[in-house]
Amino acid sequence: MDKHDGPDAGTIRLDDPWYDAPAVGWGESEGEPPAAAPAHPAPGASDIYLEVQRSAAFQEVRSRYRGFVVPATAGFMLWYVTYVVAATVAPGVMARPVSGAINVAMVAGLGQFLSTFVLTWAYARHARLRRDRAALDLRWTVFEQERGQERTRARGTGR
């Protein structure tokens, strides 16, 4: 949805691939019986998403994601727990001076901040180089399939 000024400011572009159509049954009153479903319902958006989820391209994107996130999370958590345990169990080691008033605990604490920034940079780089193009291709595949369904429905209702 683009932000803009003018007479149609605040309107939603329906050709936007991120636009969510209202959920089925949303806002229906409880006293009304639901409309009868056709015997063979037309494939809906959920069918498209299930098809994409089962595709090899989606599985590849997910495995690349997990291949980075799981080891990175495990490594960072191990580093963090080691820091906390060392601060609790070995205060003498953590209090050892490194340079002047700077001790091992301060260096390790600053290392926590530094490792967070490095991990964030590495994640963004990994996403950009290994996943973003494939995920964008999947997104536009879904968008095109949904537009095809809308056109088919529009032709069927005579709009």
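Residues numbered from 1 in each chain as written. Predicted model: local features only at pLDDT ≥ 70, side-chain atom pairs only at ≥ 80, totals over all residues. Heavy atoms only, no water.

Caption draft 1: Region of the structure containing the packing of aromatic side chains. Inspection of every chain in the model, using the stated rule, returns 2 aromatic pairs. For the pair Phe 68 and Tyr 123, a centre-to-centre distance of 5.9 Å together with 50 degrees between the ring planes defines the contact as tilted. One end of the pair, Phe 68, is in helix 2 (residues 56–89); the other, Tyr 123, is in helix 4 (residues 104–157), with 55 residues separating them in the sequence. Residue classification places Phe 68 among the buried positions, given a relative accessible area of 17%. (Phe/Tyr/Trp six-rings, centres within 6.5 Å; stacked < 30°, edge-to-face > 60°. Helix = DSSP H or I, 4+ residues; strand = E, 2+ residues; numbered from the N terminus. Buried < 20%, exposed > 50% of the residue type's maximum accessible area, 1.4 Å probe, protein only.)

Caption draft 2: How the structure looks around the pattern of salt bridges. Taken as a whole and judged by the stated rule, the model has 1 salt bridge. Between Arg 64 and Glu 60 there is a salt bridge, with the nearest N and O atoms lying 2.9 Å from each other. A residue pair is termed a helical-turn pair when its members lie 3 or 4 positions apart in one helix, as Arg 64 and Glu 60 do in helix 2 at 4 residues. (Salt bridge = Lys/Arg side-chain N within 4 Å of Asp/Glu carboxyl O.)

Caption draft 3: Examining the side chain of Arg 131 more closely. Looking at the secondary structure, you find Arg 131 in helix 4. Among the polar contacts listed, one links the side chain of Arg 131 to the side chain of Tyr 123, at a separation of 3.0 Å. Those residues in contact with Arg 131 that sit more than four places away from it in its chain are Val 61, Arg 64, Tyr 65, Tyr 123 and His 126. (Polar contact = N/O pair within 3.5 Å; in protein donor to acceptor, adjacent residues only side chain to side chain. Contact = heavy atoms within 4.5 Å.)

The values reported here are purely geometric and, on their own, carry no functional implication.
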